[in-house]
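Here is how the chains run, residue by residue.
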Amino acid sequence: MRDVAIIGVSQTKFGELWDSSFRDLIAEAGVKAIVDAGIGGDEIEAMFVGNMSSGLFVQQEHIAALISDHMGLNPVPTTRVEAACASGGLALRQGIMAVASGFHDVVISAGVEKMTDVVDATPAIATASDQEWEAQQGATFPSLYAMIAKRHMHEYGTTREQLAQFSVVNHKNAKNNPNAQFPFEISVEKVINSTMVADPLTLLDCSPVSDGAAAVVMVPAEKARQYTDTPIYVRASAQASGTLTLHDRKDITTIESTKAASRKAYDIAGVTVKDIDVTEVHDCFSINGLLAVEDLGFAEKGKGGIVIEEGQTEIDGDFPINSSGGLKARGHPLGATGIAQAAEIVWQLRGEAGKRQVEGAEIGMTHNIGGTGGTAAVHIFGRDL
């Protein structure tokens, strides 16, 4: 197995992009990543694209062929990867494995979702839950995560204010991210008093419906400096599966797939959670951000709310989380999220994150999950191997 380096990254603006089509978004991200990598299209040997549900959102399947054709990359083999909201993270992993195995030398991993062209995205998103036991019984992802939040508050005394604070920090960071959907600050009071979605979660606890795309270019580590003076190395790639339904879990306040994937990633990278300088976590709802703080090992189980309240997750805190603004404020185009997380970490490790830069960041991590944790992908990156 070969070591892998990232030499180029990109992200489109995230938001309600009515004037950009599905193919426009992925082409924009792909071209920007290629330019950032300083390569030509003729050097690309394979492409893996994360996408959850283009068939439901824009009534277009067979998107791998559409993307390679629209980008002028035929006959480059292009593969669509689907794992609900973790589609991007798994597309990244597939690209890493393609380079690490020696099968390809120059690979693009990308992600895209066009969500605002449908009348109601909720039924499409609900297909990532168990249809028989959850969706057909009326459960939506806000209601499923609301149950998790209620149980966490009951078990550990987590407060409504602590949940809200996670959203507040995300928006504070997004203010300095030009690609963010919601680049403005909010307060704990505004979160709590915003429109109720599923008790205790309000509108400002929930990630938005978003359009957008992101891409990364990867090569073997030994060739990386032929392309760039600032390669970022993949230290670990790990994936784990969990139960699709909540009712099959012993403890709904723990995402076991996150724990399994992160521990595997730490082992592969030869690091502990204390070595991680900056992290992008999958906060589709504020409670999931809090769970990630605990399940990744930044806080003991039940203490996530406390460390958030204390400011430990802020950019100048002990373990900065979601410098990009996270899913809540940067936006959450499902298939693109895992790739956008990787792009943010690359910018952080290059020292190119501007006003949201984490000082001295050398090791970064991404955490991308599908559904309520049926799939988890964790990646660790470093300025050095």
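Residues numbered from 1 in each chain as written. Predicted model: local features only at pLDDT ≥ 70, side-chain atom pairs only at ≥ 80, totals over all residues. Heavy atoms only, no water.

Peer 1: When you look at the overall build of the chain in this model, what are you seeing that I'm missing?
Peer 2: Scanning the chain for helices and strands turns up 13 helices and 11 strands. For 385 residues, the compact-globule estimate of 2.2 N^0.38 gives 21 Å, and the chain sits close to it at 19 Å. In terms of principal-axis extent, the alpha carbons of the chain reach across some 55 × 45 × 35 Å. Counting every position in the chain, which comprises 385 residues, the buried fraction comes to 64%. If you take every contact in the chain between residues at least 6 apart in sequence, the share linking residues at least 24 apart comes to 78%. Of the roughly 14,200 Å² of accessible surface on the chain, a fraction of 49% belongs to carbon and sulfur atoms. (Helix = DSSP H or I, 4+ residues; strand = E, 2+ residues; numbered from the N terminus. Rg over C-alpha atoms; globule rule 2.2 N^0.38 Å. Buried < 20%, exposed > 50% of the residue type's maximum accessible area, 1.4 Å probe, protein only. Contact = heavy atoms within 4.5 Å. Areas by Shrake-Rupley, 256 points an atom, 1.4 Å probe, with all protein chains shown as cover.)

Peer 1: Mind showing me how you'd approach the pairing of strand 10 (residues 363-370) here?
Peer 2: Walk down a regular strand and you will see the side chains alternate between the two sheet faces. Counted residue by residue, strand 10 has eight buried out of eight residues, so it is predominantly covered. Here strand 10 shows a buried face lined by Ile363, Met365, His367 and Ile369 and a second buried face lined by Gly364, Thr366, Asn368 and Gly370. Judged from the three bridges that link them, strand 9 (residues 278-280) and strand 10 form a sheet pairing that is parallel. Note that in strand 10 the partner of valine 278 across the bridge is glycine 364. As judged from the eight bridges shared by strand 10 and strand 11 (residues 375-382), these two strands associate in the antiparallel manner. Bridge assignment links isoleucine 369 to a residue of strand 11, and that residue is alanine 376. (Pairing = 2+ DSSP bridges.)

Peer 1: It is not clear to me how the pattern of salt bridges should be interpreted in this structure. Could you clarify?
Peer 2: It is possible for side chains bearing opposite charge to pair when their charged atoms get close. Under the defined criterion, the tally for this structure stands at 18 salt bridges. Salt-bridge contacts for aspartate 105 lead to arginine 2; the nearest nitrogen and oxygen are separated by 2.9 Å. With aspartate 105 in the loop between helix 4 (87-100) and strand 4 (107-114) and arginine 2 in the segment before strand 1 (4-11), this pair connects stretches of sequence that are 103 residues apart. Ionic pairing is found between arginine 160 and aspartate 205, a salt bridge with its closest N-O pair at 2.3 Å. (Salt bridge = Lys/Arg side-chain N within 4 Å of Asp/Glu carboxyl O.)

Peer 1: Just checking my understanding: could you explain a negative patch on the surface for this structure?
Peer 2: Taken together, the side chains of Glu161, Glu189, Glu309, Glu310 and Asp318 define an acidic patch exposed on the protein surface. Considering the arrangement of structural elements, one finds glutamate 310 in the loop between helix 11 (304-309) and helix 12 (326-329). (Patch = residues over 30% accessible without salt bridge, like charges linked within 9 Å, V, L, I, M, F, W, Y side chains within 5 Å. Lys, Arg positive; Asp, Glu negative; His and termini not counted. Charge placed at Lys NZ, Arg CZ, Asp CG, Glu CD.)

Peer 1: Where do I start with the packing of aromatic side chains in this structure?
Peer 2: Any aromatic ring pair is given by two values, namely how distant the centres are and how the planes are angled relative to each other. Evaluation of the coordinates by the stated rule reveals three aromatic pairs. Seen from their ring centres, phenylalanine 298 and phenylalanine 319 are 4.8 Å apart, and the 15 degrees between their planes marks the pair as stacked. Separated by 21 residues along the polypeptide, phenylalanine 298 in the loop between helix 10 (286-295) and helix 11 and phenylalanine 319 in the loop between helix 11 and helix 12 bring together distant segments of the chain. One exposure class covers both phenylalanine 298 and phenylalanine 319, and it is buried. (Phe/Tyr/Trp six-rings, centres within 6.5 Å; stacked < 30°, edge-to-face > 60°.)

Peer 1: How do you make sense of the UniProt feature "domain: Thiolase C-terminal" (unreviewed entry) in the chain when you look at a structure like this?
Peer 2: This chain's UniProt record puts "domain: Thiolase C-terminal" (unreviewed entry) on residues 238-383. The span residues 238-383 carries 33% helix and 16% strand; its end-to-end C-alpha distance comes to 19 Å. (UniProt positions renumbered as here; feature names shortened; annotations may be inferred.)

Peer 1: Explain the sheet that holds strand 10 to me, please; I cannot follow it from the model alone.
Peer 2: Strand pairing in a sheet is mediated by backbone hydrogen bonds. Such pairs are either parallel or antiparallel. Pairing within the open sheet is mixed, and its nine strands lie in the order 3-2-4-7-1-8-11-10-9. Here the strands that pair on one side only, and so sit at the sheet edges, are strand 3 (78-81) and strand 9. When the angles between neighbouring strand axes are averaged without regard to direction, this sheet yields 25 degrees. (Axes fitted to C-alpha atoms, helices over the stretch in contact; angles between N-to-C directions.)

Peer 1: Which parts of the structure should I look at to understand the nonpolar core?
Peer 2: A general trend in soluble globular proteins is that nonpolar side chains are found buried together. Counting 58 residues, the largest nonpolar core has Tyr145, Ile287, Val293, Phe298 and Ile380 as the members making the most contacts within it. In terms of residue count, helix 6 (residues 141-156) provides more of this core than any other element does, six residues in total. Built from parts of two domains, this core gets at least three residues from each of domain 1 (4-119 + 209-226) and domain 2 (121-206 + 236-382). Dropping the residues within four chain positions of it, isoleucine 380 is found in contact with Tyr233, Val234, Arg235, Ala236, Ala265, Tyr266, Ala269, Val271, Ile276, Ile363, Gly364 and Met365. By size, the runner-up hydrophobic cluster in this structure holds 36 residues, among which are Ala83, Ala100, Ala340 and Val346. (Core = buried A, V, L, I, M, F, W, Y, C linked by side-chain atoms within 4.5 Å. Domains from an automatic or database assignment.)

Peer 1: Quick question: what am I supposed to make of unusual backbone geometry here?
Peer 2: Glycine aside, the phi torsion of most residues is negative, and most peptide linkages are trans. Of note, the bond from asparagine 74 into proline 75 is cis; its omega dihedral lies within 30 degrees of zero at 10 degrees. Within the chain, glutamine 59 stands out as a residue other than glycine whose phi angle is a positive 55 degrees. Residue placement: glutamine 59 occurs in the loop between helix 2 (54-57) and helix 3 (63-70). Residue class for glutamine 59 comes out exposed when judged on its relative accessible area of 60%.

Peer 1: Looking at this structure, I do not really get helix 1 (residues 22-37). What am I missing?
Peer 2: Owing to its 3.6 residues per turn, the α-helix brings residues three or four apart onto one side. In this model, helix 1 (16 residues) spans 23 Å end to end at C-alpha, consistent with the 22 Å of a helix rising 1.5 Å per residue. Regarding helix 1, the residues found buried are Phe22, Leu25, Ile26, Ala27, Ala29, Gly30, Ala33, Ile34 and Ala37. Glycine 38 lies just past helix 1 and shows a positive phi near 70 degrees. (Expected span 1.5 Å × (residues − 1).)

Peer 1: Any chance you could explain the packing of helix 7 (residues 160-174) against helix 10 here in plain terms?
Peer 2: Any two packed helices are characterised by how steeply their axes cross, that is the angle between the axes, and by the distance between the axes. Contact pair helix 7 / helix 10: the axes reach a minimum separation of 8 Å and the direction vectors enclose 95 degrees. Our classification of the angle between helix 7 and helix 10 gives roughly perpendicular. Residues Leu163, Phe166 and Ser167 of helix 7 form the contact with helix 10, whose own contacting residues are Ser286, Ile287, Gly289, Leu290 and Val293. Of the residues belonging to the contact of helix 7 with helix 10, the class tally is five nonpolar, three polar and no charged. (Parallel < 35°, antiparallel > 145°, perpendicular 65-115°, else oblique. Nonpolar A, V, L, I, M, F, W, Y, C, P; charged D, E, K, R; others polar.)

Peer 1: Explain the domain arrangement of the chain to me, please; I cannot follow it from the model alone.
Peer 2: The accessible area lost on association of the parts is a frequent measure of interface size. Taken as a whole, the chain is organised into domain 1 (4-119 + 209-226) and domain 2 (121-206 + 236-382). Taken together, the contacts link 44 residues of domain 1 with 36 residues of domain 2. Here domain 1 and domain 2 share an interface that buries about 3,100 Å² over both sides, 67% of which is from carbon and sulfur atoms. There are one salt bridge connecting domain 1 and domain 2. Our count for the domain 1 to domain 2 interface comes out at 15 residue pairs in polar contact (both at pLDDT 80 or more). When residues of the side of domain 1 that touches domain 2 are traced back to their parent elements, those giving at least two are strand 1, helix 2, helix 4, strand 4 and strand 7 (211-220). For the side of domain 1 that touches domain 2, the element with the highest residue contribution is helix 4, accounting for seven residues. (Buried area = accessible area lost by both parts, 1.4 Å probe. Polar contact = N/O pair within 3.5 Å; in protein donor to acceptor, adjacent residues only side chain to side chain.)

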